[in-house]
Amino acid sequence: MKRTILFWILAVFLVVISGCAKEGGATASTDEHGHEGAEHSDSESGKTDGEAGHAEDIVLTAEAIKIAGIETQLAEQRQLQKELRVPGTVTTSSHGRAVVTPPVGGQVIRLHVKPGDRVRAGQPIATLRSGELAQAWAQIIEAQQGVVSAQAAVNEATAEVNLANAKLRTAKQQLARQQAFAKTGAFSQPTLQAAQKELADAEAELERGKQDQAVHEAQLERAERLYKQELISRTELEQARLEVATDKIRQRNAERRIELSKATYERERKIAEQGLTNSREIQAAEAEVRSANLEVQQAHIRLGSANAGVVAAKKGVDAARTGYSALAGSGRAAGGLLVVNAPISGAIVDLEATIGQAVERTTELGEIENLTSVWVVAQVSDKQIGMAKVGGVAQISVSAYPTRVFSGLIQSIGSRLDPKTRSMPVQAIIDNSGSHLRSGMSATVRLGVGSRSQALTVPKSAIVEDGDARKLFVAEQGGKFEERTVILGRTQGDFVEILEGVSLGDRVVTKGAFVLKSEKVKSELKGHEH
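One structure accompanies this document, and this report is about it. None of the values given here were measured: they were computed from a predicted structure.

The rules behind each value
Residues numbered from 1 in each chain as written. Predicted model: local features only at pLDDT ≥ 70, side-chain atom pairs only at ≥ 80, totals over all residues. Heavy atoms only, no water. Pairing = 2+ DSSP bridges. Helix = DSSP H or I, 4+ residues; strand = E, 2+ residues; numbered from the N terminus. Salt bridge = Lys/Arg side-chain N within 4 Å of Asp/Glu carboxyl O. Buried < 20%, exposed > 50% of the residue type's maximum accessible area, 1.4 Å probe, protein only. Contact = heavy atoms within 4.5 Å.

1. Some words on the sheet that holds strand S12 (residues 366-369)
Then step 1. Taking strand neighbours across the sheet as the criterion, the four strands line up as S4-S12-S10-S6 in an open arrangement whose pairing is antiparallel. The open sheet terminates on both sides in strands that have one partner only, identified here as strand S4 (97-100) and strand S6 (118-119).
Then step 2. As paired elements, S6 and strand S10 (residues 346-351) share two bridges and run antiparallel to each other. Bridge pairing links Arg118 to Ala347 in S10.

2. Considering the pattern of salt bridges
Then step 1. Across all of its chains, the model carries 22 salt bridges by this definition.
Then step 2. Between Asp382 and Arg422 there is a salt bridge, with its nearest N and O atoms 3.4 Å apart. Placement of the pair is Asp382 in the loop between strand S13 (373-381) and strand S14 (393-398) and Arg422 in the loop between strand S15 (401-413) and strand S16 (423-431), with a sequence separation of 40 residues.
Then step 3. For Asp382, a relative accessible area of 31% corresponds to the partly exposed category.
Then step 4. Linked through salt bridges whose partners overlap, the residues forming this network are Glu205, Arg208, Asp212, Asp247 and Arg250.

3. As for the side chain of Lys471
Then step 1. Following the sequence through the fold, Lys471 ends up in strand S19 (residues 469-475).
Then step 2. The class of Lys471 is buried, set by a relative accessible area of 14%.
Then step 3. With residues near it in sequence (within four places) discarded, Lys471 still touches Ala462, Ile463, Val464, Asp466, Glu483, Arg484, Thr485, Val486 and Lys517.

Structure representation (structure tokens):
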């Protein structure tokens, strides 16, 4: 309404300007006989109302043209394709709709969106509390504790290997010493003293082990109290237990060392008293070496088993995490909480979930539509279906946006004919980057059919409807505008084919034609008054 009033105000303004121009510059011309009348009738000039498309020129000043906002464009040759007009319906594309469902059952504790909100892919939709997810998380914690225990067993086995190696080194040293003594025949006092010293060292080692165990047992007791109070971690508790276990191993080894040292001392003492042969001492030392070698082998076997336990425990952690991730799906999970994310970008068209609701894997939390591109399903009659081709141009218009044309391409042609309507569906993908089109809208579909050919075209905005006639204005030199009746042909996009009434290169008015039409009506009214 406001635009119509504005046009009429411009028209009246132009009438005033053109009237003043005519009063100031026009004088009544007379012929040589003194008769008035500079103008000749149509019949005298050879024009009739039915002559092909031309009418009286309209003249505007440069200032009036500028005020009216008149714009022009050349009539040009373009490649056009024959169009088939059929009804259609807008639907969402296959990748433009998503139903949001949780990957695991639980209870909705928070909603991050509301209907109508626009979301990005990966944006939070809802937060759930899931008992199933919490149980899977507990399995991860238990598996991690298994890794800690397995690592403690590795540490213990490593300590036993080190101890067995130390014992082997001692036995080899003892054998070497016995062999050296045998060569010199000295198996008395020095050997006995060495046996005494070894026994004293073993007893001192046992005493130190007992003292360390007492300290570590006190520390373990304290760690167990702190762990029950949740002040220290499970790993720290296991470390305290490992230290106590290590002390016990040290004591057992020290006790075995004492036994061996006592046996060695007694043997040396008897040798010193009885003067036994050298070979007997060497045989005893060799037996000690063999025994130490066996202990080393057994310790390595236990270490290998402990390492295998660590590997198995870590695999258990990985399996627990895999199960947890499978339950969480594409959502972000922490403990028993899960954030369900948007699978696609788009608008929330439906949100069925409510806070406190218990949901399962099949429960629909909401629905998202992405309307950057849409499907338009056109119904083409069986007689015309042969004209439609995959890859052909498709243009649609809807009543909600009468001046807009949406373009796309034919993607598929149906294989079954509707027996009731005798039509077949033709599906086109349409660019809808402005999200103007909505699912369910009725549309007029223009399908490009046949081959393209050259045609003289003008913008559709240049065409003015005058009853059953179609007209336009051609701009000429000196601010002149000529109204012409035209015959239209094919339409494609924003351009229409001109079959008659305009020539190639003519400059047609594409904006402001209403003002020129008003000026023409004013001139006709003045003509009737005179």
